[in-house]
Amino acid sequence: LVADAGSGWGVPTALKNKIPASILMGVFWYYEAYQGNAMGRELYKDYVAATKKEFPDDFVELSHAAVYAYAQAIKATGGTNTQQIVKAMEGMKFETAKGLREFRKEDHQCIGDVTFLKIDRANTERGWNVTEFIKVDGRDTMEPPSPGKELVFPPIQD
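Throughout what follows, the structure given in this document is the object of discussion. (Residues numbered from 1 in each chain as written. Predicted model: local features only at pLDDT ≥ 70, side-chain atom pairs only at ≥ 80, totals over all residues. Heavy atoms only, no water.)

**Quick notes on the sheet that holds strand β5 (residues 110–111)**
Phase 1: Pairing is antiparallel in the open sheet, where three strands are placed in the order β3-β4-β5. With one partner strand each, in any of the chains shown, β3 (93–96) and β5 form the two edges of the open sheet.
Phase 2: Here β3 pairs with strand β4 (residues 99–103) via four bridges, running antiparallel. Each bridged residue has a counterpart across the sheet, and for Phe94 the counterpart in β4 is Arg101.
Phase 3: Here helix α3 (residues 58–77) sits on the sheet in contact with β3 and β4, set at roughly 140° to β3. (Pairing = 2+ DSSP bridges. Helix = DSSP H or I, 4+ residues; strand = E, 2+ residues; numbered from the N terminus. Contact = heavy atoms within 4.5 Å. Axes fitted to C-alpha atoms, helices over the stretch in contact; angles between N-to-C directions.)

**Quick notes on the nonpolar core**
Phase 1: Ranked by internal contacts, the top residues of the largest apolar core, which has 17 residues, are Trp9, Met25, Trp29, Tyr30, Leu117 and Ile119.
Phase 2: Breaking this core down by element, the ones donating at least two residues are β2 (22–27), α2 (38–51) and β6 (113–121).
Phase 3: Here this core takes three residues from β2, the largest share from any one element.
Phase 4: Beyond its immediate chain neighbours, meaning those up to four positions away, Trp9 contacts Met25, Trp29, Tyr30, Phe55, Pro56, Asp57, Asp58, Leu117, Ile119, Trp128 and Val130.
Phase 5: The next biggest cluster of nonpolar side chains, apart from the first, holds eight residues, and it includes Ile85, Met89, Met92 and Phe94. (Core = buried A, V, L, I, M, F, W, Y, C linked by side-chain atoms within 4.5 Å. Buried < 20%, exposed > 50% of the residue type's maximum accessible area, 1.4 Å probe, protein only.)

**Digging into the packing of aromatic side chains**
Phase 1: Considering all chains together, one arrives at ten aromatic pairs under this definition.
Phase 2: Both rings, one in Tyr30 and one in Tyr31, keep their centres 5.4 Å apart while their planes meet at 65°; by these two values the pair is edge-to-face.
Phase 3: You can call Tyr31 buried: its relative accessible area is 9%.
Phase 4: Look at Phe55 and Trp128: their rings are 5.2 Å apart centre to centre, the planes differ by 40°, and that puts the pair in the tilted class. Within this pair, whereas Phe55 is found in the loop between α2 and α3, its partner Trp128 is found in strand β7 (residues 128–137), the two being separated by 73 residues in sequence. Of the two residues, Phe55 and Trp128, both sit in the buried class. (Phe/Tyr/Trp six-rings, centres within 6.5 Å; stacked < 30°, edge-to-face > 60°.)

Below, the structure written as structure tokens:
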């Protein structure tokens, strides 16, 4: 078993049937986890049509969400003045290909979920399949807001 901390689809796509027997990894967006979301289905369909690639990079959805957030802030303010946009985004909730997201007013952190999945070898053209996935709500795992305070990490135990 291998746990991957963030290379996304790069490792399984490059290794094909030479991947370790099982890989656990986190991705920002796995399209199958969001088939119940119309925006998620549409983003995936448009991505495949434009690129002919089956597995979008994690950052496709993040970039898509950023554009939607900025567009909503422009609509709310009627312009692109930076300070007005920042103010409009504080506490703003907006729809994305992963569902509803929100910017925390206290520190501007964008709250969303993360998908963790398991990939196993398979007798397929790509040499593997996603066999399990779970979505984890970011509210349950992120640090509380602490604007203006130094970030302190606990000591590493030997």
